[in-house]
Amino acid sequence: MILATYIGRRFLVSLATILIALLTLVFLVDYVELLRRFSDAEAFTSLLGLKLALMRAPALLEDILPFLFLFSATICFLNLSRKLELVVARGAGVSVWGFLRAPFFLALVTGLASTFLFNPLATELKERSDRIEASLSDGMAASSADAIWFRQEGLDGPSIIRAANYDSSAKELRGVTAFLFNPDGSFQAKLVSLSASYRPGRWIFAKTRYISGEGASDRFDRYILPTSLTPDQVNLTLLRPDRLSVWTLRRFIDTAAQTGLNTARFTLAFHSLLARPLFLMAMVTVAATVSLRLSRYGGAGKLALTGIIIGFLLYVATEIVSDMGSNGILDPVLAAWSPAVLALLFGATALLYQEDG
């Protein structure tokens, strides 16, 4: 118990140090990006940029949480190995699972708190910051990575719509460009508008510029574009899973499933949140595999680099499997849980081999 408390305290120190370093770096990069994007906005100030960066920080922290535990556990175990504290513990008969008890417990508690307490807060703050950003830019600012693209059918023919963002509460697209096609597939016109509100069976564009296929331009205060999308299909098409909290995701999946819609992306996001504690424990295990041999074989830097590379490869593999799950190639539940389970099994196997060797 005393050893576990001591190792847990050392791990917390490493965790706090890496947390401050990574969060500061991410915060500064995000703050500079906000200054660049909204420097021309009349209502934007550096103080507002600071507020937005702080509101976005929790969501960014969720993204770097696995790396936070990987780096923290690696540094903690390396320090313990350099001071021969792990050698003494193992000489006293403590197995590798004995000194991993405290880091595992902290990873489990942090993962559960992150999923069920921190995630709803981060999601809400990110939603608020998105609304403020949309008001600053009149909904027109969005990078190609964040923009929403979707295709729909209508009474007048198909159309492809691009939007800067989507307000789910108001069912409104902001920063909208719509490409209209005739039923035979030929290009008809382009619509450019600050916003488009969804009503059953139609999109209502406000203050719209209409550009025909021949290049003629006209303006309308109100333009109605028919759509075959139902309200549930609109939410399923436009909502991003990372914009919903773990509690909202469960209700959303149940509601959408009753209508027979494909909920693979949302099921994947939900189970990825549930698997987060296990994934953090897997990162601790990966870090432990590169620390046990230091007292006998040396090469701290090389082994630490190996652990970091393994962690990054695990992250890339997780992203690939997640893409396959969201596109229906793999079962979304399997895609969400398999990276954490396989990484934990790999780490446990490596630790058992080193323990016996």
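Residues numbered from 1 in each chain as written. Predicted model: local features only at pLDDT ≥ 70, side-chain atom pairs only at ≥ 80, totals over all residues. Heavy atoms only, no water.

Draft legend 1. Looking closely at the overall build of the protein. Regarding its fold elements, the protein presents 12 helices and 6 strands. With the C-alpha coordinates aligned to their principal axes, the bounding extent of the protein is approximately 80 × 45 × 30 Å. When burial is assessed residue by residue, the protein has 48% of its 357 residues classed as buried. Taking contacts inside the protein between residues at least 6 apart in sequence as the whole, the part at least 24 apart equals 62%. When the accessible area of the protein is evaluated, it comes to approximately 17900 Å², of which 63% is carbon and sulfur surface. Taken as two groups, the 33 positive and 29 negative side-chain charges of the protein have centres that lie 7 Å from each other. (Helix = DSSP H or I, 4+ residues; strand = E, 2+ residues; numbered from the N terminus. Buried < 20%, exposed > 50% of the residue type's maximum accessible area, 1.4 Å probe, protein only. Contact = heavy atoms within 4.5 Å. Areas by Shrake-Rupley, 256 points an atom, 1.4 Å probe, with all protein chains shown as cover. Lys, Arg positive; Asp, Glu negative; His and termini not counted. Charge placed at Lys NZ, Arg CZ, Asp CG, Glu CD.)

Draft legend 2. Molecular detail of the nonpolar core. With 38 residues, the main nonpolar core has Phe 11, Phe 69, Phe 77, Phe 99, Leu 100 and Val 284 as its most contacted residues. No other element matches helix 2 (residues 46-82), which puts 12 residues into this core. The residues touching Phe 11, leaving out its near neighbours within four places in the chain, are Phe 69, Ser 72, Ala 73, Cys 76, Pro 103, Leu 106 and Val 284. Phe 150, Ala 196, Leu 238 and Ala 269 belong to the second-largest nonpolar core, a separate cluster that totals 33 residues. (Core = buried A, V, L, I, M, F, W, Y, C linked by side-chain atoms within 4.5 Å.)

Draft legend 3. How the structure looks around the pairing of strand 1 (residues 148-152). Burial along strand 1 is one-sided: the face carrying Ile 148, Phe 150 and Gln 152 is buried and the face carrying Trp 149 and Arg 151 is not. With 5 bridges connecting them, strand 1 and strand 2 (residues 159-167) associate as antiparallel partners. If you follow Trp 149 over to strand 2, its bridge partner there is Arg 162. In this antiparallel pair of consecutive strands, strand 1 and strand 2, the connection spans 6 residues, and Gly 157 shows a positive phi of 125 degrees. (Pairing = 2+ DSSP bridges.)

Draft legend 4. Examining a nonpolar patch on the surface more closely. A contiguous nonpolar patch, built from Leu 47, Leu 50 and Leu 54 and spanning about 300 Å² of accessible area, is present on the exposed surface. Classification of Leu 54 by relative accessible area gives exposed; the value is 51%. (Patch = residues over 30% accessible without salt bridge, like charges linked within 9 Å, V, L, I, M, F, W, Y side chains within 5 Å. Salt bridge = Lys/Arg side-chain N within 4 Å of Asp/Glu carboxyl O.)

Draft legend 5. Summary view of the packing of helix 2 against helix 9 (residues 276-289). As a packed pair, helix 2 and helix 9 sit with axes 8 Å apart at the nearest point and diverge in direction by 30 degrees. Between helix 2 and helix 9, the angle falls in the class roughly parallel. Like other packed secondary-structure pairs, helix 2 and helix 9 cross with a definite hand, here right-handed. Contact residues: Glu 62, Leu 65, Pro 66, Phe 69, Leu 70, Ala 73, Thr 74 and Phe 77 in helix 2; Arg 276, Phe 279, Leu 280, Met 283, Val 284, Val 286, Ala 287 and Ala 288 in helix 9. The residue makeup of the contact of helix 2 with helix 9, split by class, is 13 nonpolar, 1 polar and 2 charged. (Axes fitted to C-alpha atoms, helices over the stretch in contact; angles between N-to-C directions. Parallel < 35°, antiparallel > 145°, perpendicular 65-115°, else oblique. Left-handed = near helix turned anticlockwise from the far one by under 90°. Nonpolar A, V, L, I, M, F, W, Y, C, P; charged D, E, K, R; others polar.)

Draft legend 6. Looking closely at the side chain of Thr 115. Tracing the backbone through its elements, the reader meets Thr 115 in helix 5 (residues 101-137). On the basis of relative accessible area, Thr 115 is assigned to the buried category, the value being 1%.

Draft legend 7. The packing of aromatic side chains, seen in detail. Applying the stated criterion across every chain yields a total of 15 aromatic pairs. Here Phe 252 and Phe 266 contribute two aromatic rings whose centre-to-centre distance is 4.6 Å and whose plane-to-plane angle is 45 degrees, an arrangement assigned as tilted. One end of the pair, Phe 252, is in helix 7 (residues 246-258); the other, Phe 266, is in helix 8 (residues 264-274), with 14 residues separating them in the sequence. An aromatic cluster of three or more residues is present, and its members are Phe 67, Phe 71, Phe 312 and Tyr 315. Sitting over the face of the ring of Phe 270, Arg 250 holds its NZ or CZ atom 5.0 Å from the ring centroid. (Phe/Tyr/Trp six-rings, centres within 6.5 Å; stacked < 30°, edge-to-face > 60°. Lys NZ or Arg CZ within 6 Å of the ring centre and 35° of its normal.)

Draft legend 8. A look at helix 8. Most of helix 8 sits out of view: 8 of its 11 residues are buried. The set of residues buried in helix 8 consists of Ala 264, Phe 266, Thr 267, Leu 268, Ala 269, Phe 270, His 271 and Leu 273.

Draft legend 9. Representation of the sheet that holds strand 1 in the model. Spatially, 6 strands are ordered 1-2-3-4-5-6 in an open sheet, and the strand pairing comes out antiparallel. Single-partner strands in this sheet number two, and they are strand 1 and strand 6 (217-226). Here the strands of the sheet are splayed against their neighbours by 25 degrees on average, with no regard to which way each runs. Relative to strand 6, strand 5 (residues 202-212) runs antiparallel, the two being bridged by 9 bridges. By the bridge assignment for strand 6, Arg 209 is matched with Arg 219.

Draft legend 10. Structural context of the environment of Ser 159. If you trace the backbone, Ser 159 turns up in strand 2. Classification of Ser 159 by relative accessible area gives buried; the value is 1%. For Ser 159 and Arg 243, which are 84 residues apart along the polypeptide, the C-alpha to C-alpha distance reads 25 Å. Once you skip the residues sitting within four places of it in the chain, Ser 159 turns out to touch Phe 150, Arg 151, Gln 152, Phe 179, Leu 180, Phe 181 and Leu 225.

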